[in-house]
Amino acid sequence: MLKRTNTCGQLRLEDAGKKVTLAGWVHSYRDHGNLVFIDLRDREGLTQLVFNPETQPEVHKLARTVRCEWVIAAQGIVQPRSKGMENPKLPTGQIEVSVQQLEILNVSKTPPFEFDSAEKTNEELRLANRYIDLRRPEMQQKLHTRHRVTKLVRDYFDQLGFWEIETPILAKSTPEGARDFLVPSRLHPNCFYALPQSPQLFKQILMVSSIDKYFQIVRCFRDEDPRADRQAEFTQIDVEMSFVDTNDVIGVHENLIAKIWKQILNVDVKTPMRRMSYKEAIDCYGTDRPDLRFDMKLKDITDVARQSTFKVFTAAIEKGGIVKGLCAPAGEKYSRSDIEKTLAGFVAEYGAKGLAWSKVVARGTSHGPRATGHEPRTTSLTLVGGVAKFFNGELQQQIIERFDAKDGNLLLFVADNERVTNKALAPLRCKLAKDLLLYDQKNFEFVWIVDFPLFEWNEDENRYDSLHHPFTAADEQSIDKLAPLENHSQTAPLESRFLTGQKGQSLTGLDSDPANIRSQAYDIVVNGAEIGGGSIRIHNPKIQQKVFELLKIPEKQVQQQFGFFLKALEYGAPPHGGIALGLDRMIMLLTSTENIRDVIAFPKTQRGQCLLTDAPSEVDRKQLDELNLRAQRHAHAVERKNRGQKTEDRLTSDF
Ligand code: ASP
């Protein structure tokens, strides 16, 4: 076999005259009668090969037989391309290799899709033929970026003294709030491993083991309902640190992010990054994942709407709801039917029963009422259309002022309970900003969301849920406020101080008003996407147990699921905290793709299938027997047989 001397992206004008050997795939092929040209491709680029019938008749003849995607090796002399034939778009565009020897290393069937039209090709075809799809430079660039980021992450943490430690994949269920993937155990019939939703408990136990600084680029598994931007199997940059507070964890990670953005995109990310309380995020943006590339804050107008004559508003308020809205510089962009059909339809998808609107116009303009000439500056604006007629002049002015509205603005309102109102307005805000081109797509606005509530009320189950996970520590101030520490003062016996609470965290505080306790959790958000989250943890077993109690997890279940962990906390757990950053999401942002499958070499479809290997697939009966399992349809067949029925279930014979 001809051994290559260079890659297809390497040769330049200064290499002219050198004898080289290249190997790769035939990207394109042009037969000009006398000369044959082949663009040879490998991971590093393209180089033009030229075959001349006069100087190398045999080689030229062989070259005429090759086809796209065949694998060849070619030896020849680097020469400058003839005048006018240079390709300034290619790094190797000044030269070509005049081939003297050609070896066909392998042939290829005609690929099922063409590179150039791959983006328009049905994605399933690309996934089923992933080996072809991954040959495309666009895909390789994404994989390369991913490699560069993981390398950078490892170097960064190594320099700071973190150790990368692997944690088990065959594990026990961890409560990140999703369904587990289960793996049956052959050696322990009727017992199952769970694939980790995250290494949460292991990394905390590593802190108890005095590992101090841990990180891992780790695969996590969550059996969630299909969503376009999620994969059941995804990768996290998982971190845990001892003797730290929120600022320490945030500091280490914002510097990491700034480093990644600088090295990959040459973008300067300002640190320290902005921080925003959960409350401000919900009030102003309707979500704890605000896109801060544009302003357009949501405003609560419940107090003004209460005085209007619009029944929809007043009825919603009477039921304990709110009226909130936003003000968009929409100009003439949306017609009445756009608003009432398209935009109202959009918010309906998020549960809003309607979308009220009105336009802001200046009196005396062609589209506004006539000016009297005596209005003060603010009253030269007025509301027109939609719900305007239900608001008297005074109330209209209050709304205009609240939104700091301008001529040509469009006001949109939703009235419902707080949850639905925010849930509908937050995506509407983003949709309008996108439609109206209110931001630069290439901009990145990072923000840490902090001061989360520790718990949220679960209506359906009539109990509290953890907003993050149950290992998150409460904010010390909010607990202190709720329960004075008379029983846990510095004068109390050491034992009672430490076993009852954690540095001032009294257990009664947790009980007295769970809804108002804030946590020491933090999420990092960029352009409306959460790319990571974590918290300072509870390191006191008594408090941890108390939290399980508040979450109404039965004692038996606590012992079964977390007994080992509570026990570990009893052996000198240091104060600790950590975070996990979503690697896939981060690569999506860095490579400007909205398709998570583009940044994973072998992804699954939204229905969790691998179209390349056809997983998940049925297994044969022998494997099930070994695992002491019965597939349901087989079980049904056995049941029927046992009842003396004849079964003709064709499927059961597969087992
Ligand atoms: N285990 C958490 C998660 O996967 C992250 C953390 O709290 O460190 O979301």
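Only a predicted model underlies this, so the values are computations on that prediction, with no experimental measurement involved. (Residues numbered from 1 in each chain as written. Predicted model: local features only at pLDDT ≥ 70, side-chain atom pairs only at ≥ 80, totals over all residues. Heavy atoms only, no water.)

A look at the overall build of the chain
Part 1 of the reasoning: Assigned secondary structure in the chain consists of 20 helices and 22 strands.
Part 2 of the reasoning: For the chain, contacts bridging at least 24 residues in sequence account for 68% of all contacts bridging at least 6. (Helix = DSSP H or I, 4+ residues; strand = E, 2+ residues; numbered from the N terminus. Contact = heavy atoms within 4.5 Å.)

Side note on the layout of surface pockets
Part 1 of the reasoning: In this structure, the second largest pocket encloses a volume near 710 Å³.
Part 2 of the reasoning: Around the second largest pocket, the lining is made up of 23 residues, and of these F181, D223, A232, G608 and P616 lie nearest the centre.
Part 3 of the reasoning: The class makeup of the residues in the lining of the second largest pocket is nine nonpolar, five polar and nine charged. (1 Å grid on protein atoms, 1.4 Å probe; cavity = no way out; pocket = protein on both sides within 12 Å on 5 of 7 lines; lining within 4 Å. Points joined across faces, edges and corners; volume = space filled by probe spheres on them. Nonpolar A, V, L, I, M, F, W, Y, C, P; charged D, E, K, R; others polar.)

Examining the sheet that holds strand β16 (residues 410-416)
Part 1 of the reasoning: Taken together, the five strands give an open sheet; going across it, the order is β12-β13-β16-β14-β15, and neighbouring strands pair in antiparallel fashion. Unpaired on one side and paired on the other, β12 (299-300) and β15 (381-384) mark the two borders of the sheet.
Part 2 of the reasoning: As paired elements, strand β13 (residues 322-328) and β16 share seven bridges and run antiparallel to each other. Within β16, the position partnered with V323 by the bridge is A415. (Pairing = 2+ DSSP bridges.)

Structural notes on the nonpolar core
Part 1 of the reasoning: By size, the foremost hydrophobic cluster in this structure holds 65 residues, and its most contacted members are V153, F157, I260, W261 and F446.
Part 2 of the reasoning: Those residues in contact with F446 that sit more than four places away from it in its chain are I257, W261, V269, M273, R274, I524, V525, V526 and I531. (Core = buried A, V, L, I, M, F, W, Y, C linked by side-chain atoms within 4.5 Å. Buried < 20%, exposed > 50% of the residue type's maximum accessible area, 1.4 Å probe, protein only.)

What about the site of the ligand?
Part 1 of the reasoning: Not every one of the 13 residues close to the ligand is listed here, only the nearest: E176, Q200, K203, H469 and R537.
Part 2 of the reasoning: Q200 places a side-chain nitrogen or oxygen 2.6 Å from a nitrogen atom of the ligand.
Part 3 of the reasoning: One of the side-chain nitrogen or oxygen atoms of Q236 is found 3.0 Å away from an oxygen atom of the ligand.
Part 4 of the reasoning: Within the complex, 88% of the 270 Å² of free accessible area of the ligand lies under protein.
Part 5 of the reasoning: Among the secondary structure elements, those contributing two or more residues to the shell around the ligand are α5 (200-208), β21 (529-536) and β22 (576-582).
Part 6 of the reasoning: No other element matches β22, which puts three residues into the shell around the ligand. (Near = heavy atom within 4 Å. Polar contact = N/O pair within 3.5 Å; in protein donor to acceptor, adjacent residues only side chain to side chain. Areas by Shrake-Rupley, 256 points an atom, 1.4 Å probe, with all protein chains shown as cover.)

Looking at the environment of V20
Part 1 of the reasoning: On the secondary structure map, V20 appears in strand β1 (residues 19-32).
Part 2 of the reasoning: Owing to a relative accessible area of 2%, V20 belongs among the buried residues under this scheme.
Part 3 of the reasoning: Here the alpha-carbon distance between V20 and V99, two residues 79 residues apart in the chain, equals 9.3 Å.
Part 4 of the reasoning: Apart from residues lying up to four places away in sequence, V20 is in contact with T5, N6, L11, A74, Q75, G76, V78 and V97.

Observations regarding helix α18 (residues 583-590)
Part 1 of the reasoning: In terms of burial, α18 is largely enclosed, as seven of its eight residues are buried.
Part 2 of the reasoning: All of the buried residues in α18 are L583, D584, M586, I587, M588, L589 and L590.
Part 3 of the reasoning: Just beyond α18, the residue with positive phi is S592, at close to 50 degrees.

Section: the sheet that holds strand β2 (residues 35-42)
Part 1 of the reasoning: Reading around the circumference, β1-β2-β3-β5-β4 is the order of the five strands in this closed barrel, with mixed pairing throughout. The sheet shows a mean angle of 55 degrees between the axes of neighbouring strands, taken without regard to direction.
Part 2 of the reasoning: Note that β1 and strand β4 (residues 71-80) share seven bridges and pair antiparallel. Paired with K19 across the bridge in β4 is I77. (Axes fitted to C-alpha atoms, helices over the stretch in contact; angles between N-to-C directions.)

So, unusual backbone geometry
The phi angle of most residues is negative, glycine excepted, and most peptide bonds adopt the trans form.
Part 1 of the reasoning: Cis peptide bonds are those with omega within 30 degrees of zero, and the linkage from T271 to P272 qualifies with -5 degrees.
Part 2 of the reasoning: Looking at the element boundaries, P272 is found in the loop between α6 (246-265) and β11 (274-277).
Part 3 of the reasoning: The residue L437 is not glycine, and still its phi comes out positive at about 50 degrees.
Part 4 of the reasoning: Summarising the element assignment, L437 is placed in the loop between α12 (418-435) and β17 (446-450).
Part 5 of the reasoning: Of note in the backbone geometry, N527 takes a positive phi value of approximately 50 degrees without being a glycine.
Part 6 of the reasoning: Mapped onto the fold, N527 is located in the loop between β20 (521-526) and β21.

Focus on the packing of aromatic side chains
Part 1 of the reasoning: The tally for this structure, following the rule as stated, stands at 20 aromatic pairs.
Part 2 of the reasoning: Pairing F403 with F413 gives two aromatic rings, centres 6.1 Å apart and planes at 65 degrees, and the pair type is edge-to-face. On the criterion of sequence distance, the pair formed by F403 in helix α11 (residues 393-403) and F413 in strand β16 is long-range, its members being 10 residues apart.
Part 3 of the reasoning: The buried category is assigned to F403, whose relative accessible area is 8%.
Part 4 of the reasoning: The interplanar angle of 85 degrees and the centroid separation of 6.2 Å between the aromatic rings of F471 and F548 together place this pair among those described as edge-to-face. Remark: F548 occurs in helix α16 (residues 541-550) and F471 occurs in the loop between β19 (463-466) and α13 (476-482); sequence separation between them is 77 residues. An identical accessibility class is assigned to F471 and F548; each is buried.
Part 5 of the reasoning: Members of the aromatic cluster, connected to one another through ring pairs, are F310, F313, F390, F391, F403 and F413.
Part 6 of the reasoning: One Lys or Arg, R67, reaches over the ring of Y29 and ends 5.4 Å from the middle of that ring.
Part 7 of the reasoning: Lying over the aromatic face of F346, K431 brings its terminal NZ or CZ to 5.6 Å of the ring centre. (Phe/Tyr/Trp six-rings, centres within 6.5 Å; stacked < 30°, edge-to-face > 60°. Lys NZ or Arg CZ within 6 Å of the ring centre and 35° of its normal.)

Describing the packing of α6 against α18
Helix packing for two helices is described by the angle between their axes and how far apart those axes are.
Part 1 of the reasoning: With their axes 11 Å apart at the nearest point, α6 and α18 run at an angle of 40 degrees to one another. On the basis of their axis angle, the class for α6 and α18 is oblique. At the point where α6 passes α18, the crossing takes the right-handed sense. Contacts from I260, W261, I264 and L265 in α6 reach M586, L589 and L590 in α18. (Parallel < 35°, antiparallel > 145°, perpendicular 65-115°, else oblique. Left-handed = near helix turned anticlockwise from the far one by under 90°.)

With respect to a nonpolar patch on the surface
Part 1 of the reasoning: A cluster of nonpolar side chains, namely Y131, F602 and L612, defines an oily patch on the protein surface of about 320 Å² accessible area.
Part 2 of the reasoning: Residue placement: Y131 occurs in helix α3 (residues 130-133). (Patch = residues over 30% accessible without salt bridge, like charges linked within 9 Å, V, L, I, M, F, W, Y side chains within 5 Å. Salt bridge = Lys/Arg side-chain N within 4 Å of Asp/Glu carboxyl O.)

Quick notes on the confidence of the model for the chain
Part 1 of the reasoning: In this model, the chain carries an average pLDDT of 90, and 89% of its residues clear a pLDDT of 70 or more.
Part 2 of the reasoning: With pLDDT under 50 throughout, residues 481-504 is counted as low confidence; its partners more than four residues away or in other chains account for 36 contacts.
Part 3 of the reasoning: Below pLDDT 50 for its whole length, residues 645-655 participates in 18 contacts with residues either more than four positions away or in separate chains. (pLDDT = per-residue confidence, 0-100.)

A word on empty space enclosed by the protein
Part 1 of the reasoning: Taken as a whole and judged by the stated rule, the model has one cavity of 30 Å³ or more.
Part 2 of the reasoning: When its volume is computed, the largest cavity comes out at roughly 40 Å³.

Description of the side chain of N6
Part 1 of the reasoning: Topologically, N6 is positioned in the segment before β1.
Part 2 of the reasoning: A polar contact of 2.8 Å, which involves the side chain of N6, links it to the side chain of T5.
Part 3 of the reasoning: Reaching out from N6, the side chain makes a polar contact with the side chain of Q10 at a distance of 3.2 Å.
Part 4 of the reasoning: Apart from residues lying up to four places away in sequence, N6 is in contact with L11, V20, T21 and L22.

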